[in-house]
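Given next are the chains, with one letter for each unit.
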Amino acid sequence: MNKKWWHNTIGYQIYPKSFQDTNGDGIGDIRGIIQKLDYLQDLGINVIWICPIYQSPMVDHGYDISDYELVDSSFGTNDELEELIHKAEKKGIKVLLDLVVNHTSDQHKWFQKAMDNLESKYADYYIIKEGVNGEPPNNWRSIFGGSAWEKIRNTNQYYLHLFTKGQPDLNWENKELREVLYEMINRWLEKGVGGFRIDAISHLKKDFSYNNLPADGPDGLVSGWDYFRNVEGIEMFLNELKEKTFKVYDSLTIGEIDDVRSDDLERYIGEEGYFSSIFDFCHTRYRVRDTKWRSNPIKMVNELRDKLFSKQEFANEHGFLCNFIENHDLPRAIDRLIPQKDINYYSKSMLGAVNFYLKGIPFLYQGQEIGMRDYPKESVKEYKDLTTYNQYKEHLARGISAEDVLQKINIETREHSRTPVQWTDGKNAGFTEGSPWFDINPNYVEINYKRQQSNPGSLFSFYKRMIAVRKRVNLMDTFIYGKTLPRYLHNSGVIAYERIQKNQRILVINNCNNGPVVLEFKEGIKEILLNNYNDLVTGHSDIKLMPFQVIVMELSKSV
Ligand code: TEU
Ligand code: CA
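Residues numbered from 1 in each chain as written. Chains lettered and ligands numbered in written order. Predicted model: local features only at pLDDT ≥ 70, side-chain atom pairs only at ≥ 80, totals over all residues. Heavy atoms only, no water.

Engineer: Sorry, what's going on with the packing of aromatic side chains here?
Structural biologist: The description of two aromatic rings rests on the distance between their centres and on the angle between their planes. Taken as a whole and assessed by the stated rule, the structure comprises 38 aromatic pairs. Taking 4.9 Å as the distance between ring centres and 80° as the angle between the ring planes, the aromatic pair formed by Phe111 and Tyr126 counts as edge-to-face. Note that Phe111 is positioned in helix H4 (residues 109–116) and Tyr126 in the loop between H4 and strand E6 (128–130), a separation of 15 residues in sequence. Each of the two residues, Phe111 as well as Tyr126, counts as buried. Taking 5.1 Å as the distance between ring centres and 75° as the angle between the ring planes, the aromatic pair formed by Tyr449 and Phe460 counts as edge-to-face. Of this pair, Tyr449 sits in helix H15 (residues 449–453) while Phe460 sits in helix H16 (residues 459–471), and the two are eleven residues apart along the sequence. In this pair, the class of Tyr449 matches that of Phe460, namely buried. Taken together, the ring pairs connect Tyr12, Phe19, Tyr39, Trp423, Tyr449 and Phe460 into an aromatic cluster. Here Lys17 stacks its cationic end above the ring of Trp437, 4.2 Å away from the centre of that ring. (Phe/Tyr/Trp six-rings, centres within 6.5 Å; stacked < 30°, edge-to-face > 60°. Helix = DSSP H or I, 4+ residues; strand = E, 2+ residues; numbered from the N terminus. Buried < 20%, exposed > 50% of the residue type's maximum accessible area, 1.4 Å probe, protein only. Lys NZ or Arg CZ within 6 Å of the ring centre and 35° of its normal.)

Given below as structure tokens:
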């Protein structure tokens, strides 16, 4: 395998609106990220991905871009972004921007020109089709709810938006558009960005080989995934995109791609793949509070473990998945994956480590390292995101009571991960001097960075140790290139694996049970590298792991 600079990545995702405000307008900004570079370096991070900071009307918090080459004034200026890129570089941190090329904002000048004149070349930058008998061209439901088509005023034409109606889909079949996008991408790469996280990229190709599909809901619409996700023919776009941009600059690219078939993974992230890596979403549909798992959380753990390991089989041979547990589209991992009664220091730290040492690129999400939590609301009005409101309406329409819908949203909404980062126990958690754009979780008095910073027993200190272990010079190569070998598969609720390379063996054991487990163990221990308890109980030919204990050790015997 050819070695690449990015194989050695510890990633950290920043949701800039909520990271650090410096000018008192209540919105996090680029200056705030610059201010926190020392923090990130100290934590051990060497790649940051920043969610979109381009000019945007913020219908979808920046994922609706009206100018790809201008920083939104709420975040700062282009000069500040360049300053960030260079200052980060000096600290050994590469900056990844978020590349959103499935759609633009409806305020983008291309779309505006298209709407002004449906005969102009810009109309073909988007996907515009004739309505049928006064109805939209087909009955696709938008990923964010409602019809995926919006009628263009005074015509019988509709434009496609897989997300909100403020996010018209671009027409990737148009060669000129593709070239224009590649030039834009290359200008950013010229400025020194390390690469991109690439948004919603599996939707570039659409299949219009039919009109209406049978409805799957009372709205008469259908979630036509097979017609707009990983559709055959997308390969050509993805390959061309790589050849004309990323490859030229040896950049790190991480595709947001869900549901790729295992036999397609090679084409996506093999040595010659379209991307360096993709986020591994295999855990994201699991919620321990769902009726399915509530009474048997360990069943969920076992299923999740099997999924993780089946993906590792591919990673062992071919490439690097991106291993994460939190992002800006999910509730906080602690609330998602640990039964409420079991949430404590041990379970929280173990969860952080559960997929951290697998083969691939580990990625943290802001606030994860201090154990930030969901913030359920008293009223739906306290939420900010359009998708929350769409879900609210859809559930009501299905006949669920308002109270139950709120309860459901309080468990499921992606907005939990978007509350401002809790830096201190002072005013507004140290996030802003002004009034924050989104309410701060009142638990900041307890959960904040300042309190954990120099306490060796804190979750933050655990994360720091966890990262440092993965970066240790004598272990690094095995963590990056070593094979993953599942262990203790017969022990329910235990997620354990060895990372093996040449004569080095590193064993990682996560006990996801809320009680102790005894495991057969006849190995020699060379060194205990990480432990969220003070001790490890070893017997003659077994070890006993305490509730939610995680242990990482180098074994002394060679393979
Ligand atoms: O999310 C994309 C998204 O919601 C889809 O990729 C969907 O989840 C997936 O295809 C299901 O298989 C991204 C961003 O992360 C999100 O914040 C944005 O709102 C969205 O794109 C629109 O740009
Ligand atoms: Ca600000």
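We are not done yet, so read on.
Engineer: Help me understand the pattern of salt bridges, please; the structure alone is not making it clear to me.
Structural biologist: Applying the stated rule across the entire model yields 50 salt bridges. Residues Lys483 and Glu317 are paired through a salt bridge, measuring 3.7 Å at the closest nitrogen-oxygen approach. Pair noted here: Lys483 is in strand E14 (residues 483–487) and Glu317 is in helix H10 (residues 297–317), with a separation of 166 residues, a long-range link. Within the structure, one salt-bridge network assembled from shared partners comprises Asp60, Asp329, Asp385, Arg414 and Arg418. (Salt bridge = Lys/Arg side-chain N within 4 Å of Asp/Glu carboxyl O.)

Engineer: How do you make sense of the pairing of strand E8 (residues 157–160) when you look at a structure like this?
Structural biologist: Consecutive side chains of a regular strand alternate in pointing toward one face of the sheet and then the other. Of the strand pairs in this sheet, E6 and E8 are connected by three bridges, and their pairing is antiparallel. Among the inter-strand pairings, Glu130 is bridged to a residue of E8, identified as Gln157. With three bridges joining them, strand E7 (residues 149–151) and E8 adopt antiparallel strand pairing. Considered in E8, the bridge of Trp149 is made with Leu160. What sits between the antiparallel neighbours E7 and E8 is a turn of five residues, in which Asn154 has the positive phi angle 60°. (Pairing = 2+ DSSP bridges.)

Engineer: Looking at this structure, I do not really get helix H13 (residues 386–397). What am I missing?
Structural biologist: Given 3.6 residues per helical turn, the α-helix brings residues three or four places apart onto the same face. Counted at 1.5 Å a residue, the expected span for H13 with its twelve residues is 16 Å, and the 17 Å between its end C-alpha atoms agrees. Of all the residues in H13, the buried ones are Thr387, Thr388, Asn390, Tyr392 and His395. Buried positions along H13 lie against helix H14 (402–412). (Expected span 1.5 Å × (residues − 1). Contact = heavy atoms within 4.5 Å.)

Engineer: What's the story with the site of ligand 1 in this structure? I'm lost.
Structural biologist: If you check the shell around ligand 1, you find 17 residues, and the closest are Asp60, Asp199, His203, Arg229 and Asp329. Measuring from an oxygen atom of ligand 1, one finds a side-chain N or O atom of Asp60 at 2.5 Å. For ligand 1, the accessible surface in isolation is 500 Å², of which the surrounding protein chains cover 90%. Split by residue class, the shell around ligand 1 holds four nonpolar, four polar and nine charged. (Near = heavy atom within 4 Å. Polar contact = N/O pair within 3.5 Å; in protein donor to acceptor, adjacent residues only side chain to side chain. Areas by Shrake-Rupley, 256 points an atom, 1.4 Å probe, with all protein chains shown as cover. Nonpolar A, V, L, I, M, F, W, Y, C, P; charged D, E, K, R; others polar.)

Engineer: Got a minute to help me understand the coordination of the calcium ion (ligand 2) in this structure?
Structural biologist: Metal coordination angles in their ideal form are 109.5 degrees for the four-donor tetrahedron and 90 or 180 degrees for the six-donor octahedron. Those protein atoms acting as donors to the calcium ion (ligand 2) are Asp21 (OD), Asn23 (OD1), Asp25 (OD), Ile27 (O) and Asp29 (OD), and they sit at 2.3 to 2.4 Å. On the basis of relative accessibility, which here comes to 34%, the residue Asp25 falls in the partly exposed class. (Donors = N, O, S within 2.8 Å, 3.2 Å for Na, K, Ca; no water.)

Engineer: What is the right way to read the side chain of Gln501 from this model?
Structural biologist: As for its placement among the helices and strands, Gln501 is situated in strand E15 (residues 494–501). Judged by relative accessible area, which is 18%, Gln501 ranks as buried. Those residues in contact with Gln501 that lie beyond four places of it in its chain are Asp477, Thr478, Tyr481 and Gly482.

Engineer: What should I look at first to understand the sheet that holds E6 in this one?
Structural biologist: Sheet architecture is open: three strands sit in the order E6-E8-E7, paired in antiparallel fashion. Both edges of this open sheet fall to E6 and E7, since each of them pairs with a single strand only. Within the sheet, the average angular offset between the axes of one strand and its neighbour, ignoring direction, is 35°. (Axes fitted to C-alpha atoms, helices over the stretch in contact; angles between N-to-C directions.)

Engineer: Is there a simple way to think about the pairing of strand E16 (residues 504–511) in this case?
Structural biologist: Most of E16 is tucked away: eight of the eight residues are buried. Of the two faces of E16, the one lined by Gln504, Ile506, Val508 and Asn510 and the one lined by Arg505, Leu507, Ile509 and Asn511 are each fully buried. As paired strands, E15 and E16 are joined by eight bridges and run antiparallel to one another. Within the sheet, the bridge partner assigned to Val494 lies in E16 and is Asn511.

Engineer: I would appreciate a short explanation of the layout of surface pockets in the present structure.
Structural biologist: In this approach the atoms are scanned with a rolling probe the size of a water molecule, which exposes any empty space left behind. The computed volume of the largest pocket comes to approximately 1500 Å³. The wall of the largest pocket is formed by 45 residues, among which Ile143, Phe144, Trp225, Asp329 and Gln391 lie closest to the centre. Looking at the lining of the largest pocket, the elements with two or more residues in it are helix H6 (225–228), H13 and H14. Within the lining of the largest pocket, the residues separate by chemical class into eleven nonpolar, 16 polar and 18 charged. (1 Å grid on protein atoms, 1.4 Å probe; cavity = no way out; pocket = protein on both sides within 12 Å on 5 of 7 lines; lining within 4 Å. Points joined across faces, edges and corners; volume = space filled by probe spheres on them.)

Engineer: Would you explain the packing of helix H12 (residues 345–353) against H16 in this entry?
Structural biologist: Between two packed helices, both the angle of their axes relative to each other and the distance between the axes serve to describe the pair. Contact geometry for H12 and H16: axes closest at 10 Å, N-to-C directions at 30°. Comparing the axis directions of H12 and H16 gives the class roughly parallel. At the point where H12 passes H16, the crossing takes the right-handed sense. Facing H12, whose interface residues are Tyr345, Lys348, Ser349, Gly352 and Ala353, H16 presents Leu459, Phe462, Tyr463, Arg465 and Met466. (Parallel < 35°, antiparallel > 145°, perpendicular 65-115°, else oblique. Left-handed = near helix turned anticlockwise from the far one by under 90°.)

Engineer: When you look at unusual backbone geometry in this model, what are you seeing that I'm missing?
Structural biologist: In most cases, non-glycine residues show a negative phi, while peptide bonds are predominantly trans. With a phi close to 50°, Asp250 is a non-glycine residue in the positive phi region. Structurally, Asp250 is set in the loop between helix H7 (234–249) and strand E10 (252–255). Although it is not a glycine, Ala429 sits at a positive phi angle of roughly 55°.

Engineer: Even after reading the chapter, I still don't get the environment of Lys522, so can you show me in this structure?
Structural biologist: If you trace the backbone, Lys522 turns up in the loop between strand E17 (517–520) and strand E18 (525–531). Looking at Lys522, the relative accessible area reads 58%, which means it is exposed. Sequence spacing of Lys522 and Asp64 is 458 residues, and the spatial spacing of their C-alpha atoms is 56 Å. In this structure, Lys522 is in contact with Ser541 and Lys557, ignoring residues within four places of it in sequence. Among the polar contacts made by the side chain of Lys522, one reaches the side chain of Glu520 at a distance of 3.3 Å.

Any functional reading would require information that these geometric values do not contain.
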